[in-house]
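# Structural description and commentary
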Amino acid sequence: MSFLRRRKGKASDSEPAPIEDESEKEQENQKHKQKQKLPSKDGGKPQKWSCVDSCCWFIGFICSIWWFLLFLYNAMPASFPQFVTEAITGPLSDPPGVKLRKEGLMAKHPVVFVPGIVTGGLELWEGHQCADGLFRKRLWGGTFGELYKRPLCWVEHMSLDNETGLDPSGIRVRPVSGLVAADYFAPGYFVWAVLIANLARIGYEEKTMYMASYDWRLSFQNTEVRDQTLSRIKSNIELMVATNGGNKVVVIPHSMGVLYFLHFMKWVEAPAPMGGGGGSDWCAKHIKAVLNIGGPFLGVPKAVAGLFSVEARDIAVARAFAPGVLDKDVFGLQTLQHMMRMTRTWDSTMSMIPKGGDTIWGGLDWSPEGYCNCSAKKVKNNDTNTAAENRVNYGRIISFGKDVAETHSSKIEMIDFRDAVKGNNLANATHCDVWTEYHEMGVGGVKAVADYKVYTTESVLDLFRFVAPKLMTRGDAHFSYGIADNLDDPEYEHYKYWSNPLETKLPNAPDMEIYSLYGVGIPTERAYVYKLTPTAECYIPFQIDASAEGGSENPCLKGGVFSSDGDETVPVLSAGFMCAKGWRGKTRFNPSGIPTYIREYDHAPPANLLEGRGTQSGAHVDIMGNFALIEDVLRVAAGAKGEDLGGDKVHSDIFKWSENIDLDL
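Just so it is clear, the model here is predicted, and its values are computed rather than measured.

As a further point, take unusual backbone geometry. The residue after Ala272, namely Pro273, is reached through a cis peptide bond having omega 10°. You can see Pro273 is positioned in the loop between helix H11 (256-269) and helix H12 (282-286). Positive phi, close to 45°, is recorded for Val310, a residue that is not glycine. On the secondary structure map, Val310 appears in the loop between helix H13 (301-309) and helix H14 (313-321). Positive phi outside glycine occurs at Glu568, with the angle close to 90°. Take Glu568: it is sitting in the loop between strand S18 (561-566) and helix H22 (572-582). Overall, Glu568 belongs to the partly exposed group, its relative accessible area being 43%.

Following this line, the structure appears as structure tokens:
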């Protein structure tokens, strides 16, 4: 028995004692797992998965997918996207250049392109230390890489002198030359490239095409003062005519380039030193036609919002989505303040302030468009009730509050801001490192602006002179916004009037033609509802009230913006009035009776993603790829006249609205 007990005891000694406590068992398992883990770099402690690791893995995954797709895109045959598109939508129509080449059209008249604001490339020729390594690199256009790498340095070099409107000390930024200056705004985003390619298909090449690039930040006359750009355009046009058998040029300006070329046509005929000294018949000898694309002849309301609060519809939506983010000091960059400081040195922006005052754009209780037309669909004669319900007074370009925008003027108590005393600096303004003229207004000045409540086009000019006197001192020296009483008055020989079609005459060139080509069918900014910004450090005191909605009763009011018909940037009224009425026939603005034509292109969005930006788009920049517009341009360049195109092609109510404007012609 003792032997058996000893054997049993020995056996029991060799086996682990049973663990009765479950918690002790769990602890033993944990110790066993820890022993199996490899020691970490931080002294054997196990690594923990952090949020930073997740972000890095996510970014790496996205980048890997992006590079893989980019590899596939570059590896696939060039015809593959077209093959896929045709498999889905059917055979594609020939591009206009191919179509017209089959019809026998060939290059005839040399072509001059005049780009608009922001679409032309700018490169650095001299800069401060922060811009080392950027000599002749694009600061504007291209990839915008420097904006992300050194934003404050970029803002410094893209700004002009706030007193002279010219180069700051030690900085020289100049326009890129050649067709590459504005063929693409950024990689893959065309501006003139599609039109250039189609012109090439009917025989054009670089010697018969000229990109009249200029520094679009400068006032128009200052492009001549600093760079002699107007003289270069004159010389190049003369050379192209002389080397192409005497065939006159076809000029194609886009957007603000329309106003720039209007200025040029007066400059080239005016005597030196203010003008180019070409004589009163220079345009008649050298220009066949001017095809203005998306021309803001009478300005754009967007310019008002941009100068007043550095906003438009898209910025207002962003501010509503993330309140205060754009106004705060984020990573040392006060975004909107820096943007305002920079853009308010660009004198060219003031060329697009609406012209013609209340006579053109409407007053407190009327506007030429009358009813709400934000959907760009005509109101039929039997839809009078709908017209009455949706009646919008676009004449109030700025209203402080939705109720003010909709109330009859007799019920609005307006307190004049012009005599308000400025002072008592804005809260915390002393801590700002970005100067804007709002810092000098004071609380009293800000309140006076809001107390006036509603502004028309005429009173907006007084508003700008109150809130931004430095800006308007330069602006009033280079641009004008009224209507001339007597165009023979020597006063209008000054260059400040040359880009305003209501204060200058067209050239004496009865054989020349002027076209207005623009898109319709897209809601376009026309007036704004504003509110005061909550007091904050370095703040801009006014902003669009994105919460103001018209609902079903007033569908034209969305996100604090009243919309009318247009191309998303330029309202129909601005793009079409001069060719519809102001210059139509012999008028005091068109004494030689230059023929004018309106060609509108009804907007149709892309049918699918493979179509890109669309071949029937009416949008302000995308219209440059519109096949119908390109075909019209090519036909005129090949020798056709307006009558050969079929004369006017109109989808909007521009002729009706023009008749509502009481202007002495």
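A few words on the environment of Lys558. Its place among the elements puts Lys558 in strand S17 (residues 557-558). Given a relative accessible area of 52%, Lys558 falls into the exposed group. Along the primary structure Lys558 and Val529 are separated by 29 residues, whereas in three dimensions their C-alpha atoms are 9.8 Å apart.

With that out of the way, let us pick up the sheet that holds strand S7 (residues 209-211). The strand order across the open sheet formed by 6 strands is S7-S1-S8-S9-S14-S19, and the pairing between neighbours is parallel. A strand with exactly one partner marks an edge of an open sheet, and here the two such strands are S7 and strand S19 (596-602). Pairwise comparison of adjacent strand axes, ignoring direction, gives a mean angle of 15° for this sheet. With 5 bridges joining them, strand S9 (residues 287-293) and strand S14 (residues 513-520) adopt parallel strand pairing. Of the residues in S14, the one forming a bridge with Asn292 is Ser516. Along the sheet face, H11 touches strand S1 (111-114), strand S8 (249-253) and S9 and points at about 150° away from the line of S9. Packed on one face of the sheet, helix H23 (residues 627-637) meets S1, S8, S9, S14 and S19 and runs near 170° to S9.

Conventions adopted
- Each chain has its residues counted from 1, following the order in which its sequence is written.
- Thresholds applied to this predicted model are a pLDDT of at least 70 for local features of residues and 80 or more for the giving and counting of side-chain atom pairs; totals over whole chains, interfaces and linings are not thresholded and use all residues.
- Computation of side-chain values covers all heavy atoms of the structure but excludes hydrogens and water.
- The numbering of helices and of strands both runs from the N terminus, where a helix is a DSSP run of H or I of at least 4 residues and a strand a run of E of at least 2.
- Relative accessibility decides the category of a residue: with a 1.4 Å probe and only protein chains considered, values under 20% of the type maximum give buried, values over 50% give exposed, and everything between is partly exposed.
- The rule for pairing is simple: two strands pair if DSSP sees at least two bridges between them.
- Here an axis means a line fitted to C-alpha atoms, over the contact stretch when the element is a helix, while the angle between two N-to-C directions is reported on a 0 to 180 degree scale.
- Note on contacts: a residue pair is in contact if any heavy atoms of the two residues lie within 4.5 Å.

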